[in-house]
Amino acid sequence: MNINLENERNLSMLVDFYEFTMSNTFFVDNQKDKIVCFDMFFRKSPDDAQFSIAAGLEQFIEYVNNMRFTSEDIDYLRKKNLFNEGFLEYLKKFKFTGDIYAVKEGSVVFPNEPIVTVKAPVIEAQLIETMLLLTINHQSLIATKANRIVRAAKDRTVLEFGARRAQGYDAAILGARAAYIGGVHGSATALSDIEFNVPASGTMAHSFIQLYNDEYEAFSAYAKHNPDNTTLLVDTYNVLESGIPNAIRVAKEVLEPMGKRLKGVRLDSGDLTYLSNKSRKMLDEAGLEDCKIVASNSLDEKIISELLNQKAPIDIFGVGERLITSKSQPVFGGVYKLCAVEENGELVPRIKISENVEKVTNPGYKTLYRFYDKDSKKAIGDVIALHDEIINKDEYEIFDPIHTWKRKILKNFEVRKMQIPIFIKGECVYESPSIQEIREYCESEVESLWDEVKRFVNPQEYYVDLSQKLYDLKQSLLKNHSFR
């Protein structure tokens, strides 16, 4: 199995069926060439956080670049007896011809901000919806969770161990990619290294130790054949009575005569604070101060924070199921909403109104700006604006779009347009950076936030405002569509 969409798999039919039925109607109703704009955004960050990490753009680009419908796909649709033959002929020649703007992978993003904006003929814009949401939602979810865990670990190494608990093989491999973007240092999944250059590593399981007649024999065999990377799993039988003593014995009797050092011991059960403290003391007394203590066993950012608050001397965290599935909140609620329709050469805004206030959309063809304090280089706030708006770089007033009396005039700031062109007239104009570059960019993005915004509990609210023009437009449409 190879994740590479271009070489191995055609995922063009990974489409919600209603996108075909709607598109068929657009075609028959002579609407296929109508230009529309859609925004992909989310309404709430996972785990009650203030921000998320955008990821998955590279795979979405591959999908759009290689989108095609084969004769087998057309035959499948024809057998449904639902679709116009002209529409099926259209699908045979399908090629995306529109524009796509997006924030870069690794960007810090906030609720209701356009992460991806699509401007294209309506059928094209509609048919890419499922894959766009699937790809960005999944990887953004895992990258966001990974970043929380890495920040909780406070500069200690974090490794992703979750493949066997992921929801399928793509989730394991792409999840490892997203986790690396979010800040983890490597993965246990070998294919993620092959496909995406996510550093892969690993040592042993309990079964390795159980295979041998005793623990010392197992440790010795491993050390002899892996002398440069010996990390021993010490909780198969008894950590303090057997595991650590045998690890020390192997360090002295097997590795040191070879001129090698014991790299680490891993704890995978029990009271990790108590066991790590006792293990550290025993290792230090044996002259193994440089031996790292690795901890695993259903960890997440809350448990890691507690371990470190209790002064557990853990150097490396292996995090599995609670990272790769984002167990605490396993859904990233990204949505894809129509915001404008071209009529007589002009983009006319559209709005979705709901009894649920949070589901009322921001209308119009938009873009996103981020303001930074010139002195601290920290992010001050974001403004969602209409696509052609120009920001006054000398002075700019932001205001809360709900409590509009809350206003602030910004001075001494720098402003950055967050969305960049990805496709223009169907041609990809963006070259995806390396995963290492994305990871480093993500780190700089998180660093640009004030610590108060990054708190795990009761984080300070980050300003995401509407420009005055967009706010006025939204109020006008709400007024015109009022049905009270």
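Residues numbered from 1 in each chain as written. Predicted model: local features only at pLDDT ≥ 70, side-chain atom pairs only at ≥ 80, totals over all residues. Heavy atoms only, no water.

(A) The arrangement of the packing of helix H6 (residues 129-153) against helix H13 (residues 301-309) in detail. At a minimum axis separation of 8 Å, H6 and H13 run at an interaxial angle of 0 degrees. When the axes of H6 and H13 are compared, the pair comes out roughly parallel. Two secondary-structure elements touch here, H6 through Lys145, Arg148, Ile149, Ala152 and Ala153 and H13 through Glu301, Ile304, Ser305 and Leu308. (Axes fitted to C-alpha atoms, helices over the stretch in contact; angles between N-to-C directions. Helix = DSSP H or I, 4+ residues; strand = E, 2+ residues; numbered from the N terminus. Parallel < 35°, antiparallel > 145°, perpendicular 65-115°, else oblique. Contact = heavy atoms within 4.5 Å.)

(B) Here's a closer look at the UniProt feature "domain: Nicotinate phosphoribosyltransferase C-terminal" (unreviewed entry) in the chain. The sites that carry the UniProt feature "domain: Nicotinate phosphoribosyltransferase C-terminal" (unreviewed entry) are, in the present numbering, residues 366-474. For the annotated span residues 366-474, helix accounts for 18% and strand for 38% of the residues, and the straight-line distance between the end C-alpha atoms is 12 Å. (UniProt positions renumbered as here; feature names shortened; annotations may be inferred.)

(C) Just the UniProt feature "domain: Nicotinate/nicotinamide phosphoribosyltransferase" (unreviewed entry) in the chain, in detail. In the numbering adopted here, UniProt assigns the feature "domain: Nicotinate/nicotinamide phosphoribosyltransferase" (unreviewed entry) to residues 159-348. Here residues 159-348 is 43% helix and 17% strand, with 48 Å between the C-alpha atoms at its ends.

(D) Fine view of the sheet that holds strand S1 (residues 35-42). Within the open sheet, the seven strands sit side by side as S13-S12-S1-S5-S3-S19-S20. Their pairing is antiparallel. The sheet is open, and its two borders are formed by strand S13 (346-349) and strand S20 (427-428), each paired with just one other strand. Two elements, strand S3 (residues 99-103) and strand S5 (residues 116-121), share four bridges in a ladder whose sense is antiparallel. The residue bridging alanine 102 from the neighbouring strand is valine 116, located in S5. Against the sheet, helix H2 (residues 57-65) touches S3, strand S19 (419-424) and S20, its axis set at about 20 degrees to S19. Strands S1, S5 and strand S12 (334-343) of the sheet are contacted by H6, whose axis makes an angle of about 140 degrees with S12. (Pairing = 2+ DSSP bridges.)

(E) A look at the pattern of salt bridges. Evaluation of the coordinates by the stated rule reveals 35 salt bridges. Taking the shortest distance from any N to any O, the salt bridge between glutamate 89 and lysine 92 comes out at 3.1 Å. Of this pair, glutamate 89 and lysine 92 both sit in helix H4 (residues 85-92), three residues apart, roughly one helical turn. Judged by its relative accessible area of 43%, lysine 92 is partly exposed. The salt bridge involving arginine 165 is made with glutamate 321; its shortest N-O contact spans 2.2 Å. (Salt bridge = Lys/Arg side-chain N within 4 Å of Asp/Glu carboxyl O. Buried < 20%, exposed > 50% of the residue type's maximum accessible area, 1.4 Å probe, protein only.)

(F) View of the nonpolar core. Ranked by internal contacts, the top residues of the largest apolar core, which has 128 residues, are Leu91, Ile100, Val118 and Phe317. Per-element tally for this core: the top contributor is H6, with twelve residues. When residues of this core are sorted by domain, at least three fall in each of domain 1 (12-143 + 330-481) and domain 2 (144-325). Leaving out residues up to four positions away in the same chain, isoleucine 100 has contacts with Phe60, Val64, Val116, Thr117, Val118, Ile128, Ile420, Pro421, Ile422 and Phe423. If you look at the next biggest cluster of nonpolar residues, it comprises ten residues, including Phe371, Ile380, Leu410 and Phe413. (Core = buried A, V, L, I, M, F, W, Y, C linked by side-chain atoms within 4.5 Å. Domains from an automatic or database assignment.)

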